[in-house]
Every structure is written in structure tokens, then in C-alpha cells.
Amino acid sequence: MTQPGRAGAVLVVDDDAAIRRSLERGLRLSGFTVRAAADGAGALAALAGDEPPDVLVLDVSMPGMSGIEVCARLRARGEDLPVLMLSALDETADRIAGLQAGGDDYLVKPFALQELVLRLHALLRRRPPAGRETVRAADLVIDPAARTAERAGRSLELTRREFELLEVLARNAGLVLTRDQLLDRVWGYDFDVRTDAVDTFVSYLRRKLEADGRPRLIHTVRGVGFVLRETP
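None of these values were measured; they are calculated from a predicted model.

Draft legend 1. Spotlight on the side chain of Arg151. Mapping Arg151 onto the fold places it in strand β8 (residues 148–151). Residue classification places Arg151 among the buried residues on the basis of a relative accessible area of 2%. A polar atom in the side chain of Arg151 sits 2.9 Å from the side chain of Asp139. A polar contact of 2.8 Å, which involves the side chain of Arg151, links it to the backbone oxygen of Pro215. Apart from the residues within four sequence positions on either side, Arg151 is in contact with Asp139, Leu140, Leu156, Leu209, Glu210, Arg214, Pro215 and Leu217.

Here you go:
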């Protein structure tokens, strides 16, 4: 068994005391150092401390300051701490809002602890960038070093995960990438996981890329995956 504290430091934020205790116990047994907060204000206080966590597990729906607001505040001040959102089955709109606020992934309650552990390990893997040179595809210009993207000269306001997905698709323009390939290259999931994260983030990207009426760039190849190419 992995020794406690060797997997990384996690801050668990949930207003349900039973869930907090369960996650604290399970994550410690899985090798993580764990701290917990009961609300959004407590989360921000913990994140501002001398020993910030490596990853944040954040409940979407909490009284007072929601997880969505906590995530939005983190991203607004330029923090790229990995954030995994937790949501209930009937909170689809809140879950989407959390991802749009800058969340990297989400899990729907109830979930298996092992799946949470696998996703946290994936979020904590810091892969070296594929390259820092400017990426050009169709009418896109992506600057990985500056973390900026433009389409036809118009700046795109993207979350970190949206940017990473667009960069991978642009670097492989014209090639069809499967959902599993995208989960591996963008999310770091090298294990079997049931998630619609790829489809969700593709829909976000499409909305932003096509906001001014420009033609579709990211196309679905039914039964396979997605490809970035100009519409003939």
C-alpha cells in the first residue's frame, strides 16, 4: 500500500459532513495528504494558506458561496490548480456552470472512491508541453507559451481545459482523434473511464469558435471521435 502523504495534497470541500469524513478517510488510505473545508469561504481561506494543496475536490452546490464561485475566483486570479467538481445527478446545469468556470473534470455522486483516486492521479500528472511554437490550423492561431488563441484575428476566451483540447485538435488538424485518445492526451486518463467530458468540452469549444457565425471547425466522426478541419 502507498504510504500516506505520498500521492499529493488534496483539499476536499463539501458541506456534507458525512461525505467529507468518508473522502478524508478514503483518500488518506490511498496515499494522499488531505485537508477539508465545509464551505466556499473555508476553501478560499485554506487555498490562501502557506501550504496550498496540489488538487482541489470541490462540491458544486453549497449554501453561501458555491463551488462554481470558488472555482471562478481561483481562475480570475490566475491560479491553475487542478479542480475536480462533485455534483448530484440532478445538478446538470450547475455541473456545466462549474466546468465553464474553470473546473477540469467532474464526478457525479454517488461514485466509487477508486474512480476518484484515478482521476486525481491523472489531474496531478504534469506532462511536459508538446511544444511551445505557435500552432496554426485553418484560421486558428494558438500560442501555447502565452496561452492565447485567436480565430480569424478574434481572441478566444477559453478555460484551461478548453485551451488544451483545442491545442491537441489543432496540432492534429485533419486527423480523427478518438475520445479515448483525447482523454489520454488532454485529461491524462490512461485507464478506462465512463465520462462524457470530451463531448461536453467540444460543445463548449464549438460555441466559442462559432460565436460570430463562422463555419464549424470541430467535426464529429460518428462512432469514432472528433477532427479539426475546415468545412469544404
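Draft legend 2. Region of the structure containing the sheet that holds strand β11 (residues 218–221). The strand order across the open sheet built from three strands is β10-β12-β11, with neighbouring strands paired in antiparallel fashion. This sheet does not close on itself; its edge strands, each paired only once, are β10 (177–178) and β11. Taken together, the two bridges between β10 and strand β12 (residues 225–228) define a ladder with antiparallel strand orientation. The partner of Thr178 across the bridge, within β12, is Gly225. Contacting β11 and β12, helix α8 (residues 197–209) crosses the sheet at an angle of about 145° to β11.

Draft legend 3. Representation of unusual backbone geometry within the structure. Along the chain, Lys109 connects to Pro110 via a cis peptide bond; the corresponding omega equals -5°. Position of Pro110 relative to the elements: it lies in the loop between β5 (105–109) and α5 (113–124). A positive phi angle, near 55°, is found at Ala138, a position not held by glycine. Mapped onto the elements, Ala138 comes out in the loop between β6 (135–137) and β7 (140–143).

Draft legend 4. Fine view of the packing of helix α6 (residues 160–171) against α8. In contact at an axis separation of 10 Å, α6 and α8 are set at 85° when each is read in the N-to-C sense. As summarised for this structure, α6 and α8 are arranged roughly perpendicular, according to the angle between their axes. Between α6, through Arg161, Glu162, Leu165 and Leu166, and α8, the contact on the second element is made entirely by Phe201, Val202, Tyr204, Leu205, Lys208 and Leu209. Grouping the amino acids of the contact of α6 with α8 by side-chain chemistry returns seven nonpolar, no polar and three charged.

Criteria and cut-off values
- Just so you know, the residues in each chain are numbered from 1, in the order the chain's sequence is written.
- Given that this is a predicted model, residues contribute local features only at a pLDDT of at least 70 and side-chain atom pairs are listed and counted only at 80 or more, while totals for whole chains, interfaces and linings are drawn from all residues.
- Only heavy atoms go into the side-chain values, all of them from the structure, while hydrogens and water stay out.
- Counting from the N terminus, the helices are DSSP H or I runs at least four residues long and the strands are E runs at least two residues long.
- Buried means the residue's accessible area, taken with a 1.4 Å probe over protein chains only, is under 20% of the maximum for its type, while exposed means over 50%, and partly exposed covers the values in between.
- Pairing of N or O atoms within 3.5 Å defines a polar contact, subject to two protein rules: one partner must be a possible hydrogen donor and the other a possible acceptor, and residues neighboring in sequence count only if both atoms are side-chain atoms.
- The contact criterion used throughout is that any non-hydrogen atoms of two residues lie within 4.5 Å.
- DSSP calls a pair of strands paired once it identifies at least 2 bridges connecting them.
- Every axis in this analysis is a line fitted to C-alpha atoms, fitted for helices over the stretch in contact. Angles between the N-to-C directions lie between 0 and 180 degrees.
- Oblique is the label for any angle not under 35 degrees, not over 145, and not in the 65 to 115 range, which are roughly parallel, roughly antiparallel and roughly perpendicular in turn.
- Charged residues are taken to be Asp, Glu, Lys and Arg, nonpolar residues to be Ala, Val, Leu, Ile, Met, Phe, Trp, Tyr, Cys and Pro, and polar residues to be all remaining types, Gly included.

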